[in-house]
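A closer look at the structure
Okay, here's what each chain looks like letter by letter:
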Amino acid sequence: MLKNGYSTYNKMPKIIDKASLKTPPQSISTKVVSSTPGRLRLRVAHSHRQPEKMQRIASALSANSHINRVTTNVHHGSIVINHDGNDGSLENVLATLKDLGIVFADVTEGNTEAAAGVSSALVDLNQRVKQSTHGAFDLRILFPLGLASLSVRQLLNKGLELEVIPWYVLAWYAFDSFIKLHRTSQEQSTNE
């Protein structure tokens, strides 16, 4: 607020400690999807697709004088950078990205986008099953139980015959999936 040419502060400015200035930004894995003159499109890794991170990147890029417009899509992890396209502007944009901690790598390390989508859908379905049964059942118990019931049905219908899908294979899948779906995180880390 200005009074007689002098400004008054309502709040004291925040003091930044020197240690935070020396720490490099956390690296953010991205992939260049397309690069045409005046336009660069990036795909951000799933682990960095939070609105705060994407907005911080977009704000920092918008401050660059060579960049005309920055568009983000958090759901798809897309950042579209429209720059002036002059000689050296792409290098300037890439230098700004590097300063922000952007690392160009294969963003599909670990899970692919399709696998992440299927996993997300199964987690959502599991939550719905849990809510509809008031926490009594979830997919981790229903899936092995379904396979076990199929194995019993196969045993009763076909007996001990070895056909296309014998009862003991379904029984093994039921047991194996139950064990794998109920491992603790500590057991998983020691087995890997």
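Scroll up to find the structure.
Analysis parameters
- Throughout, a residue's number is its position along its own chain's written sequence, starting from 1.
- Under the rules for a predicted model, residues below a pLDDT of 70 receive no local features and side-chain atom pairs below 80 are neither given nor counted, while totals for whole chains, interfaces and linings still include all residues.
- To obtain the side-chain values, all non-hydrogen atoms of the structure were used and water was disregarded.
- Two aromatic rings, drawn from Phe, Tyr or Trp (for Trp, its six-membered ring), form a pair once their centres lie within 6.5 Å of each other, and the interplanar angle then sorts them: stacked below 30 degrees, edge-to-face above 60, tilted otherwise.
- Secondary structure counts use DSSP, requiring at least four H or I residues in a row for a helix and at least two E residues in a row for a strand, with both numbered from the N terminus.
- As used in this record, nonpolar core signifies buried Ala, Val, Leu, Ile, Met, Phe, Trp, Tyr and Cys residues forming a set joined through side-chain atoms within 4.5 Å.
- Three labels apply to residues, based on accessible area from a 1.4 Å probe with only protein chains included: buried if under 20% of the type maximum, exposed if over 50%, partly exposed otherwise in between.
- Should any heavy atoms of two residues lie within 4.5 Å, those residues are considered in contact.
- Whether two strands pair comes down to DSSP finding at least two bridges between them.
- Lines are fitted to the C-alpha atoms to define the axes, a helix being fitted only along its stretch in contact, and any angle between axes, read from their N-to-C directions, falls within 0 to 180 degrees.

Some thoughts on the packing of aromatic side chains
One pass over the structure, following the stated rule, counts one aromatic pair. Between the aromatic rings of Trp172 and Phe175, the centroid separation amounts to 5.6 Å while the plane-to-plane angle is 45 degrees, which identifies the pairing as tilted. Of the two residues, Trp172 and Phe175 are both situated in helix α6 (residues 167–181); the distance of three residues between them amounts to about one turn of the helix.

Some remarks on the nonpolar core
Residues Ile57, Leu61, Ile79, Ile81 and Leu97 are the most contacted members of the largest nonpolar core, which totals 16 residues. If you list the elements that add at least two residues to this core, you get β4 (39–44), α2 (51–62), β5 (67–73), β6 (78–83) and α3 (89–99). No other element matches α2, which puts four residues into this core. Those residues in contact with Ile79, other than ones at most four positions away along the chain, are Leu40, Arg41, Leu42, Val44, Met54, Ile57, Leu61, Val70, Thr71 and Thr72.

So, unusual backbone geometry
With a phi close to 55 degrees, His134 is a non-glycine residue in the positive phi region. Position of His134 among the secondary structure elements: in the loop between α4 (113–132) and α5 (139–158). For His134, a relative accessible area of 76% gives the class exposed.

Examining the sheet that holds strand β7 (residues 102–104)
Taken in spatial order, the five strands make up an open sheet running β5-β6-β4-β3-β7, and their pairing is mixed. If you trace the sheet from one side to the other, it starts and ends with β5 and β7, each paired once. On average, each strand axis in the sheet is tilted by 30 degrees relative to the strand beside it, whichever way the strands run. Packed onto the sheet, α2 meets β3 (28–36), β4, β5, β6 and β7 and runs at close to 170 degrees relative to β5.

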